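Per-entry structural report
This is what each chain is made of:
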Amino acid sequence: DVKVTQSSRYLVKRTGEKVFLECVQDMDHENMFWYRQDPGLGLRLIYFSYDVKMKEKGDIPEGYSVSREKKERFSLILESASTNQTSMYLCASSLGGQGVTEAFFGQGTRLTVV
Amino acid sequence: GQQLNQSPQSMFIQEGEDVSMNCTSSSIFNTWLWYKQDPGEGPVLLIALYKAGELTSNGRLTAQFGITRKDSFLNISASIPSDVGIYFCAGQGTGTASKLTFGTGTRLQVTL
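All figures in this text were calculated on a predicted structure; none of them were measured in a lab.

Next up on the list: the interface of chain B and chain A. At the junction of the two partners, chain B supplies 22 residues and chain A supplies 24 residues. For the chain B and chain A pair, buried surface summed over both sides reaches about 1,700 Å², with 55% attributable to carbon and sulfur atoms. A salt bridge links B:Glu41 to A:Arg9, with the shortest nitrogen-to-oxygen separation between them at 3.4 Å. Linking chain B with chain A are five residue pairs in polar contact (both at pLDDT 80 or more). Elements with a minimum of two residues in the side of chain B that touches chain A: strand S4 (29-37), strand S5 (44-49) and strand S9 (85-93) of chain B.

Structure representation (structure tokens):
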């Protein structure tokens, strides 16, 4: 079974702090994604990566950056956390390649910025 | 980004009832996926659809890839309490590599 593991289930951070959310997958997947989930808005893509050291902006990248130094690990960075970044953050991975799009999700990190 | 309209937003049903929900897109999709999210957990894949007109079942769940490639439907028959959760559709459009666009979700509540 694919396992996508996010380092924290719950985080509370102060405004202005630099925040790191870590995600690891164990199935040698090419693609990794970071989404945020807010009530009524569904899942919105922040960034994704289709290879080591490669990244592309999603629909809402402002205020975020990412790092993918190893294939299995994809980190989301909030450079200076703000209260409007309070949300559920979901990491996902997929195999990659033509026609293979099923994404597998981690359990989520609920971040509160105070 | 692409827009996916998912309806209804929420449903309150009695145990044993059938459920229907759908997603529509402003553009053509190559793949439709349906996910379920239990409270406090990440979404879990239920059904994947790859061809227009395809009808696929997974136990009590049945999903269809619309013939126009712009919509998809999920039906749940004889609902049970553990069906409670949020159901998301997701689609992969043309020329978007492996990116998925998600619907806004349908929150399902089942009463005994």
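Another aspect to go through is the pairing of S9(B). All names here are of chain B. Counting buried residues in S9 gives nine out of nine residues, a clear majority hidden from the surface. Two strands pair when backbone bridges link them, and S4 and S9 are joined in this way by eight bridges, in the antiparallel orientation. Pairing of tyrosine 35 across the sheet is with phenylalanine 88, part of S9. Bridge analysis of S9 against strand S10 (residues 101-102) gives two bridges, and the strand direction is antiparallel. Its bridge partner lying in S10, alanine 90 is registered against phenylalanine 102.

On to the pairing of strand S8 (residues 71-76) of chain B, then. Note on strand geometry: in a regular strand, side chains alternate between the two faces of the sheet. All names here are of chain B. Relative to S8, strand S3 (residues 19-25) runs antiparallel, the two being bridged by six bridges. Considered in S8, the bridge of valine 19 is made with isoleucine 76. Where strand S7 (residues 61-65) lies against S8, five bridges are found, and the strand directions are antiparallel. What sits directly across from threonine 62, in S8, is asparagine 75.

This part covers the packing of aromatic side chains. All chains considered together, the criterion is met by ten aromatic pairs over all chains. Relative to A:Phe105, the ring of A:Tyr35 lies with its centre 5.8 Å away and its plane at 45°, an arrangement referred to as tilted. Residue A:Tyr35 is found in strand S4 (residues 31-38), and its partner A:Phe105 is found in strand S10 (residues 104-105); the two are separated by 70 residues along the sequence. A:Phe105 sits in the buried class, given a relative accessible area of 11%. Put simply, the rings of A:Phe33, A:Tyr35, A:Phe48, A:Phe105, B:Tyr35, B:Phe88 and B:Phe102 touch in pairs and so form one group of aromatic residues.

Under the criterion given, the structure shown has nine salt bridges over all chains. The partner of A:Asp38 in a salt bridge is A:Arg36, and the shortest N-O contact between them spans 2.8 Å. Of the residues examined, A:Asp38 reaches a relative accessible area of 12% and is grouped as buried. Exposure remark for A:Arg36: the relative accessible area of 9% places this residue in the buried category. Between B:Arg60 and B:Asp83 there is a salt bridge; the shortest N-O distance is 2.8 Å. Pair noted here: B:Arg60 is in the loop between strand S6 (55-58) and S7 and B:Asp83 is in the loop between S8 and S9, with a separation of 23 residues, a long-range link. Within this structure, A:Asp28, A:Glu30 and A:Lys71 form a network of salt bridges that share partners.

All names here are of chain B. A full pass over the atoms with the stated rule returns two disulfides over all chains. In this model cysteine 23 forms its disulfide with cysteine 89; the gap between the sulfur atoms is 1.7 Å. Looking along the S-S bond of the cysteine 23-cysteine 89 disulfide, the torsion reads about -80°, which is the left-handed sense. Of this pair, cysteine 23 sits in strand S3 while cysteine 89 sits in strand S9, and the two are 66 residues apart along the sequence.

Here the focus is the sheet that holds strand S1 (residues 4-7) of chain B. All names here are of chain B. The sheet built from five strands is open, its strands ordered S1-S3-S8-S7-S6 with antiparallel pairing. The strands lining the two open edges of the sheet, one partner per strand, are S1 and S6. Each strand axis lies, on average, 15° off the axis of its neighbour in the sheet, ignoring direction.

Rules behind the numbers
- Residues numbered from 1 in each chain as written.
- Chains lettered and ligands numbered in written order.
- Predicted model: local features only at pLDDT ≥ 70, side-chain atom pairs only at ≥ 80, totals over all residues.
- Heavy atoms only, no water.
- Contact = heavy atoms within 4.5 Å.
- Buried area = accessible area lost by both parts, 1.4 Å probe.
- Salt bridge = Lys/Arg side-chain N within 4 Å of Asp/Glu carboxyl O.
- Polar contact = N/O pair within 3.5 Å; in protein donor to acceptor, adjacent residues only side chain to side chain.
- Helix = DSSP H or I, 4+ residues; strand = E, 2+ residues; numbered from the N terminus.
- Buried < 20%, exposed > 50% of the residue type's maximum accessible area, 1.4 Å probe, protein only.
- Pairing = 2+ DSSP bridges.
- Phe/Tyr/Trp six-rings, centres within 6.5 Å; stacked < 30°, edge-to-face > 60°.
- Disulfide = S-S within 2.5 Å.
- Axes fitted to C-alpha atoms, helices over the stretch in contact; angles between N-to-C directions.

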